[in-house]
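One letter stands for each residue in the lines below.
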Amino acid sequence: MAPRLSDDLKERIVQWYYEDLKTMEEIRNLSRCSIGLVYNVIRNYRDFGQVRNPFSRRIGRPRTLTDEDLSFLNSLIDANSSL
(Lines give C-alpha, C1' and ligand atoms only; values in the text may rest on other atoms or scores of the structure.)
Protein backbone atom coordinates (compact mmCIF):
# COMPACT_ATOMS: atom_id res chain seq x y z
CA MET A 1 0.00 0.00 0.00
CA ALA A 2 1.30 3.42 -0.94
CA PRO A 3 1.82 6.01 1.77
CA ARG A 4 -0.93 8.56 2.24
CA LEU A 5 -0.47 12.04 0.81
CA SER A 6 -0.30 14.84 3.34
CA ASP A 7 -3.00 17.49 3.35
CA ASP A 8 -0.30 20.05 2.55
CA LEU A 9 0.53 18.29 -0.71
CA LYS A 10 -3.17 17.92 -1.53
CA GLU A 11 -3.64 21.65 -1.00
CA ARG A 12 -0.65 22.28 -3.24
CA ILE A 13 -2.32 20.10 -5.92
CA VAL A 14 -5.40 22.33 -5.74
CA GLN A 15 -3.22 25.44 -6.00
CA TRP A 16 -1.41 24.07 -9.03
CA TYR A 17 -4.70 23.26 -10.72
CA TYR A 18 -6.76 26.37 -9.97
CA GLU A 19 -4.18 29.15 -9.51
CA ASP A 20 -1.23 28.01 -11.63
CA LEU A 21 -3.53 26.44 -14.28
CA LYS A 22 -1.40 23.32 -14.61
CA THR A 23 -2.77 20.21 -16.31
CA MET A 24 -3.44 17.03 -14.38
CA GLU A 25 -0.48 15.40 -16.11
CA GLU A 26 1.83 18.21 -15.00
CA ILE A 27 0.48 17.95 -11.45
CA ARG A 28 0.99 14.18 -11.50
CA ASN A 29 4.63 14.69 -12.39
CA LEU A 30 5.14 17.42 -9.80
CA SER A 31 3.46 15.54 -6.95
CA ARG A 32 4.74 12.09 -7.99
CA CYS A 33 1.37 10.45 -7.49
CA SER A 34 -1.20 8.87 -9.77
CA ILE A 35 -3.46 10.88 -12.03
CA GLY A 36 -6.42 9.26 -10.28
CA LEU A 37 -5.33 10.68 -6.96
CA VAL A 38 -4.92 14.13 -8.50
CA TYR A 39 -8.43 13.84 -9.93
CA ASN A 40 -9.87 12.73 -6.56
CA VAL A 41 -8.23 15.61 -4.69
CA ILE A 42 -9.57 18.16 -7.19
CA ARG A 43 -13.03 16.55 -7.12
CA ASN A 44 -13.11 16.62 -3.31
CA TYR A 45 -12.13 20.29 -3.34
CA ARG A 46 -14.77 21.10 -5.95
CA ASP A 47 -17.54 19.11 -4.19
CA PHE A 48 -16.73 19.78 -0.52
CA GLY A 49 -14.45 22.83 -0.48
CA GLN A 50 -11.65 20.80 1.13
CA VAL A 51 -9.06 18.28 -0.01
CA ARG A 52 -10.62 15.39 1.93
CA ASN A 53 -14.07 13.87 1.65
CA PRO A 54 -15.68 14.68 5.02
CA PHE A 55 -18.14 11.81 4.61
CA SER A 56 -15.64 9.04 3.91
CA ARG A 57 -15.51 6.22 6.41
CA ARG A 58 -12.89 3.68 7.30
CA ILE A 59 -13.15 0.52 5.29
CA GLY A 60 -12.76 -3.00 6.58
CA ARG A 61 -14.37 -5.17 9.17
CA PRO A 62 -15.00 -3.90 12.67
CA ARG A 63 -12.83 -5.40 15.38
CA THR A 64 -14.08 -8.62 16.90
CA LEU A 65 -12.13 -8.28 20.14
CA THR A 66 -12.57 -5.24 22.36
CA ASP A 67 -9.75 -3.59 24.30
CA GLU A 68 -11.04 -5.32 27.43
CA ASP A 69 -10.85 -8.71 25.69
CA LEU A 70 -7.26 -8.05 24.63
CA SER A 71 -6.33 -6.90 28.13
CA PHE A 72 -7.82 -10.09 29.61
CA LEU A 73 -5.91 -12.28 27.13
CA ASN A 74 -2.67 -10.44 27.92
CA SER A 75 -3.18 -10.98 31.64
CA LEU A 76 -3.77 -14.71 31.04
CA ILE A 77 -0.55 -14.99 29.04
CA ASP A 78 1.37 -12.99 31.65
CA ALA A 79 0.09 -15.32 34.38
CA ASN A 80 0.84 -18.50 32.43
CA SER A 81 3.32 -17.95 29.61
CA SER A 82 3.07 -21.59 28.48
CA LEU A 83 -0.44 -20.98 27.14
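Presented here is an overview of the structure given in this document. (Residues numbered from 1 in each chain as written. Predicted model: local features only at pLDDT ≥ 70, side-chain atom pairs only at ≥ 80, totals over all residues. Heavy atoms only, no water.)

**Side note on the nonpolar core**
Line of reasoning, step 1. Ranked by size, the top nonpolar core spans 11 residues in total: L5, I13, V14, W16, M24, I27, C33, V38, V41, I42 and V51.
Line of reasoning, step 2. Of all elements in the fold, only helix 1 (7–18), helix 2 (24–31) and helix 3 (35–48) reach the threshold of two or more residues within this core.
Line of reasoning, step 3. Setting aside residues no more than four positions away along its own chain, I42 makes contact with I13, Y17, Y18 and M24. (Core = buried A, V, L, I, M, F, W, Y, C linked by side-chain atoms within 4.5 Å. Buried < 20%, exposed > 50% of the residue type's maximum accessible area, 1.4 Å probe, protein only. Helix = DSSP H or I, 4+ residues; strand = E, 2+ residues; numbered from the N terminus. Contact = heavy atoms within 4.5 Å.)

**Re the side chain of N44**
Line of reasoning, step 1. Secondary-structure assignment places N44 in helix 3.
Line of reasoning, step 2. Relative accessible area serves as the criterion here: at 11%, N44 is assigned to the buried category.
Line of reasoning, step 3. Residues contacting N44, with those up to four places away along its chain left out, are G49, Q50, V51, R52 and N53.

**Focus: the packing of aromatic side chains**
Line of reasoning, step 1. On inspection of all chains with the given rule, the structure shows three aromatic pairs.
Line of reasoning, step 2. With a centroid separation of 5.7 Å and 65 degrees between ring planes, the pair formed by F48 and F55 is classed as edge-to-face.
Line of reasoning, step 3. A residue is classified by how much of its surface remains accessible, and F55, at 64% relative accessible area, is exposed.
Line of reasoning, step 4. Each residue in the set Y17, Y18 and Y45 is aromatic and connected to the rest through ring pairs, giving one cluster. (Phe/Tyr/Trp six-rings, centres within 6.5 Å; stacked < 30°, edge-to-face > 60°.)

**Some points on the packing of helix 1 against helix 3**
Line of reasoning, step 1. Between helix 1 and helix 3, the shortest axis-to-axis distance is 10 Å and the interhelical angle comes to 80 degrees. Here helix 1 is positioned roughly perpendicular relative to helix 3, judged by the angle of their axes. Across the interface between the two elements, K10, I13, V14, Y17 and Y18 from helix 1 touch V38, V41, I42, Y45 and R46 from helix 3.
Line of reasoning, step 2. Here the residues of the contact of helix 1 with helix 3 sort into eight nonpolar, no polar and two charged. (Axes fitted to C-alpha atoms, helices over the stretch in contact; angles between N-to-C directions. Parallel < 35°, antiparallel > 145°, perpendicular 65-115°, else oblique. Nonpolar A, V, L, I, M, F, W, Y, C, P; charged D, E, K, R; others polar.)

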